[in-house]
Every structure is written in structure tokens, then in C-alpha cells.
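Coordinate analysis (summary)
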Amino acid sequence: MIKPNIAAIIKDKIKRTQHGGDDIYVVGPVKLPVELDGETKIFHWYSWLRREAGEERSAERLVEDLNRISYADLQQSSVLVYGDFENNADALIRMHSICHTGDIFGSARCDCGFQLKQSMRIIAEHGSGALFYLANHEGRGIGLFSKALAYLLQEEGLDTVDANTELGFADDGRDYGEAIAVLKLLRRLPVSIITNNPRKVDALRSAGMNVAGRVPLWGNASVYNEKYLQTKMNRSGHFGMEPQKIVK
Ligand SMILES: [Zn+2]
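Rules used throughout
- Residues numbered from 1 in each chain as written.
- Predicted model: local features only at pLDDT ≥ 70, side-chain atom pairs only at ≥ 80, totals over all residues.
- Heavy atoms only, no water.
- Helix = DSSP H or I, 4+ residues; strand = E, 2+ residues; numbered from the N terminus.
- Donors = N, O, S within 2.8 Å, 3.2 Å for Na, K, Ca; no water.
- Buried < 20%, exposed > 50% of the residue type's maximum accessible area, 1.4 Å probe, protein only.
- Salt bridge = Lys/Arg side-chain N within 4 Å of Asp/Glu carboxyl O.
- Expected span 1.5 Å × (residues − 1).
- Arc of directions from axis to C-beta.
- Contact = heavy atoms within 4.5 Å.
- Phe/Tyr/Trp six-rings, centres within 6.5 Å; stacked < 30°, edge-to-face > 60°.
- Lys NZ or Arg CZ within 6 Å of the ring centre and 35° of its normal.
- Core = buried A, V, L, I, M, F, W, Y, C linked by side-chain atoms within 4.5 Å.

1. Examining unusual backbone geometry
Cis geometry is adopted by the peptide bond preceding Pro-29, which originates at Gly-28 and carries an omega value of 0°. Among the secondary structure elements, Pro-29 is positioned in strand 2 (residues 22–36). Despite not being glycine, Arg-140 has its phi angle at roughly 60°, a positive value. Relative to the helices and strands, Arg-140 resides in helix 5 (residues 138–141).

If you want it as C-alpha cells, here you go:
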């Protein structure tokens with residue numbers, strides 16, 4: 001239960017938007033200093049929570065509305081904002097799908113860890129942008145346990161797409177609607193997206209975002225993820241890799 005004196009502290013940092021008939025509560029910005037290549041960059045961090053729209057909610061008393069819902073989820077998505085994201089004429093975004101093995105442990109089976117850090121560098125160098133970290137996207141939406149199963153199948157020679165479909169999943173079950181709703185809360189002007197994935201560009205455009213450009217993001221290729229990267233291009237329709245040497 002959030003008491004009135006606590007509500008007074010956080011009331012200006014809670015916003016609410018809607019997606020798919022549900023409410024999305026967004027909390028932030030929280031100042032987040034991040035060390036990037038030996039320099040501390042100040043990012044502004046938001047997290048969000050999706051809940052069925054309640055009948056008792058009020059237009060203004062958002063913090064009080066939090067008392068009517070459970071807000072103790074273990075894993076939620078969030079967004080890391082840099083610079084004047086709302087107003088800068090040319091801001092970058094990245095929709096990054098969570099990857100427990102790549103982002104946290106630095107696994108070389110995929111390129112996620114590299115893409116995460118590189119996106120933060122690109123956004124900080126550019127001067128304004130937002131990196132969405134999408135928590136329900138593990139293993140392209142199949143979850144961590146299923147991803148471990150898929151990795152075992154990949155060790156037997158199946159590629160990323162076949163491993164997922166053999167386990168009964170769609171090749172790519174990721175949905176960006178919720179993140180795009182939060183994006184629209186933070187910015188209305190056009191964005192450029194850091195991605196090689198045309199599905200992400202399409203998802204933004206069909207949700208009414210003006211995508212002014214695309215920044216490719218390839219790198220960290222190695223003998224461990226060569227097949228994974230090739231499958232992205234050959235079977236998942238990713239834009240081609242810029243010519244570069246595969247490090248063996
Ligand atoms: Zn990964």
C-alpha cells in the first residue's frame with residue numbers, strides 16, 4: 001500500500017498509457033549513470049507494467065490506482081533514454097529482446113550482448129535515443145527454459161528457426177505493440193531504428209510511428225555464432241550484413 005506521503009514523492013513520475021485494451025503504467029525517469037568504455041554516461045531509465053484496465057481507475061490519481069493492482073512482477077520491460085529524446089529532431093531507438101545468456105553471461109552463441117552494448121554506445125554518441133529492453137522476448141518469445149531446449153537441438157545441427165518450430169513454437173513470436181505504446185508516450189517525432197530486422201521496422205510503421213531511417217548493427221561474428229547470423233539473413237529475412245570478416 002502506497003501511503004499519501006510516499007505518493008506525493010512519486011506522483012510526477014508515473015504515467016499511464018493504453019495498449020490492446022490494457023493499461024500500461026510507466027515509472028520514471030530514474031537517473032542511471034552507466035559506464036561505457038571508461039566514461040560515465042547519464043541515462044534516464046523507465047520501467048513499465050501492463051495490467052488489465054480497472055473500472056475504478058481515475059484520470060489523475062495514478063499512484064492511488066497502483067494500490068488497486070499488484071505491481072510486484074519479477075521481470076518487467078524497461079527503457080533507457082539518453083539526451084532530449086522527446087524533442088531532438090533526430091533520435092535513435094533500439095528494440096532489444098532480452099537475452100539472458102548473451103546479455104548477462106556474454107555468450108558468443110548469439111550477438112545479443114554485443115548488440116546491447118553497441119546500441120548504448122551508438123545512442124550516447126548520437127546524443128539522443130532510447131533503448132527498449134523487452135523482458136518477454138527471451139529466445140524470440142519462447143522463454144528461457146524452451147531456449148535451453150532449442151540450444152540442445154541446435155547442437156544436433158538444427159538452425160535457430162527449425163529448433164523453435166520443432167518445439168512447437170512460432171519461429172518469431174515477438175510482439176512490439178506494448179513497447180511502441182510506451183515509445184509514443186515518450187516521443188511523437190520521427191525515429192531512426194538500430195536494427196537489421198525488417199519486422200521491427202514494419203511493426204513500428206504499422207503502429208503509426210514515423211521511421212525516418214535505419215542504422216544497421218552487425219558485429220561480434222565468431223565461429224560460435226556464424227550459423228546463427230547466417231540463419232538470420234537467409235531464413236529470418238534480416239537485412240544483409242555489411243561486408244566484414246568472420247573471425248574464426
Ligand atoms: Zn542472444
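2. Topic: the coordination of the zinc ion
Cys-99 (SG), Cys-110 (SG) and Cys-112 (SG) make up the full set of protein donors to the zinc ion, lying at 2.2 Å. When the donor residues of the zinc ion are listed from N- to C-terminus, their spacing reads C-x10-C-x1-C. Of the two residues, Cys-99 sits in the loop between strand 5 (91–97) and helix 3 (100–104) while Cys-110 sits in the loop between helix 3 and helix 4 (112–126), which places them 11 residues apart along the sequence. Here Cys-99 and Cys-110 have matching classes, each one buried.

3. Remarks on the pattern of salt bridges
Charged atoms that come close allow side chains of opposite charge to pair. In this structure the tally under the stated criterion is 14 salt bridges. Its salt-bridge partner being Glu-39, residue Lys-41 comes within 3.4 Å of it at the nearest N-O pair. The closest approach of N and O atoms between Arg-50 and Glu-178, which form a salt bridge, is 3.1 Å. Of this pair, Arg-50 sits in strand 3 (residues 39–52) while Glu-178 is found in helix 8 (residues 177–186), placing the two residues 128 residues apart along the sequence.

4. So, helix 6 (residues 144–155)
Here helix 6 spans 17 Å end to end across 12 residues, near enough to the 16 Å set by a 1.5 Å rise per residue. Where helix 6 is concerned, the buried positions are Ser-146, Lys-147, Ala-150, Tyr-151 and Gln-154. Buried residues of helix 6, viewed axially, fall in a sector of 145°; they line one side. Of the exposed residues in helix 6, the ones pointing more than 90 degrees away from its buried face are Phe-145, Leu-152 and Glu-155. On the buried face of helix 6, the contacting elements are helix 3, helix 5 and helix 7 (160–166).

5. Regarding the packing of aromatic side chains
Scanning the model with the defined rule gives two aromatic pairs in all. For the ring pair Phe-43 and Tyr-82, a centre distance of 5.0 Å and an interplane angle of 55° mean the geometry is tilted. One end of the pair, Phe-43, is in strand 3; the other, Tyr-82, is in strand 4 (residues 78–82), with 39 residues separating them in the sequence. Given the relative accessible area of 1%, Phe-43 is considered buried. Just above the ring of Tyr-151 sits the side chain of Arg-109; from NZ or CZ to the centre is 4.0 Å. One residue, Arg-187, lies across the ring of Phe-85, its end atom 5.6 Å from the ring centre.

6. Structural notes on the nonpolar core
Within the largest apolar cluster, 26 residues are counted, with the highest numbers of intra-cluster contacts made by Trp-48, Val-79, Ile-93, Met-95, Phe-132 and Leu-204. Only strand 2, strand 3, strand 4, strand 5, strand 6 (129–134), helix 8, strand 7 (191–194) and helix 9 (198–206) provide two or more residues apiece to this core. Sorting elements by how many residues they give to this core places helix 8 first, with six residues. Apart from residues lying up to four places away in sequence, Ile-93 is in contact with Phe-85, Ala-130, Leu-183, Val-191, Ser-192, Ile-193, Ile-194 and Leu-204.

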